[in-house]
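Observations on the model geometry
Residues per chain are reported as follows:
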Amino acid sequence: MTIALTGAGSILLGEGEACDPTPFLRTRKSRKFMGLQDELAVVAAGRALASAGLAAADLGERAGLFLAVGYIPFLEEDIAPVLAASMNDEGDRFDVRRFGAGGFQKAHPLLTFRCLPNMPAYHVSACFDVQGPYFVTYPGGSEFYSALDEARYALESGLVDIALAGAVAAQSNFLVQHHFSRIEPPQPRLHDVAAMLVLERAPSPGVVEA
């Protein structure tokens, strides 16, 4: 059995550039639940499936998703009301009791949907009818290889016929940038980016092997 690389897609946002996943959405209303990582993953997956000739396919139970997801992103304007309502009287210390008593309610009710690390996988699955096994892991180059290895195993063991394997990271936000500034000074150049591969079980070696 040969594993064939049949498609690939990616998106890299320039400074100030927006991501538009609407061409790939099954229902346009679902976008209100999407954060930038979700949008990037959907666009990369849509482009990869199109390049594999699967743009119009309902993939179903014989397709799986294997994804490395970046650090959870937050925009400062989303967090500022929560922080302001959770400070002590002097305004110089975060007060956990005030946060629990009502500070957390200052966040937009849909904010948590946009920040969970498994949401990019959910939206890709929902948009392209991926109903087979899925694997979500955390940031880092080695983690992507873990996702790729899970995709290989699923294909070789016959669990799936098609595997989407990729990575996504939304990094042009204050929380991710602050994180990198602490652990890896000087701060590297950070991007909002996603890439996806389409891998398929092939009956013969007459195609490019992954």
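Scroll up for the structure.
Below is a summary of the structure that appears in this document. Each chain has its residues counted from 1, running along the sequence as written. In keeping with the model being predicted, local features are shown solely for residues with a pLDDT of at least 70 and side-chain atom pairs are shown and tallied solely at 80 or more, while totals for entire chains, interfaces and linings include all residues. Excluding hydrogens and water, the side-chain values take into account all heavy atoms of the structure.

1. Considering the sheet that holds strand 4 (residues 162-169)
In space, the five strands of this open sheet follow the order 1-5-4-2-3, with mixed pairing throughout. The two strands at the open ends of the sheet, each matched to only one other strand, are strand 1 (2-12) and strand 3 (134-137). In this sheet, adjacent strand axes meet at a mean angle of 10° when their direction is disregarded. When DSSP locates at least two bridges between a pair of strands, those strands are taken to pair. Elements are defined by DSSP. Helices are runs of H or I of four residues or more, strands are runs of E of two residues or more, and each kind is numbered from the N terminus. One ladder, built from seven bridges, connects strand 2 (residues 63-69) with strand 4; its direction is parallel. Looking at the pairing, Leu65 lines up with Leu164 of strand 4. Angular values range over 0 to 180 degrees, each being the angle between N-to-C directions of two axes fitted as lines to C-alpha atoms, with helices fitted over their stretch in contact.

2. Regarding the environment of Gln177
With respect to the helices, strands and loops of the structure, Gln177 is situated in helix 7 (residues 174-183). On the basis of relative accessibility, which here comes to 29%, the residue Gln177 falls in the partly exposed class. Along the backbone, Gln177 and Glu76 are 101 residues apart, and their C-alpha atoms lie at a distance of 11 Å. Note on classification: 1.4 Å probe, protein chains only; a residue is buried when its accessible area is under 20% of the maximum for its type, exposed when over 50%, partly exposed between these limits.

3. Examining the pattern of salt bridges
One speaks of a salt bridge when a side-chain nitrogen belonging to Lys or Arg is within 4 Å of a carboxyl oxygen belonging to Asp or Glu. Under the defined criterion, the tally for this structure stands at eight salt bridges. With a closest N to O distance of 2.8 Å, Arg26 and Asp58 form a salt bridge. Taken together, the positions of Arg26 in the loop between strand 1 and helix 1 (36-51) and Asp58 in the loop between helix 1 and strand 2 put the pair 32 residues apart, joining distant regions of the chain. Taken together, the salt bridges that share partners define one network made up of Asp20, Arg31 and Glu39.

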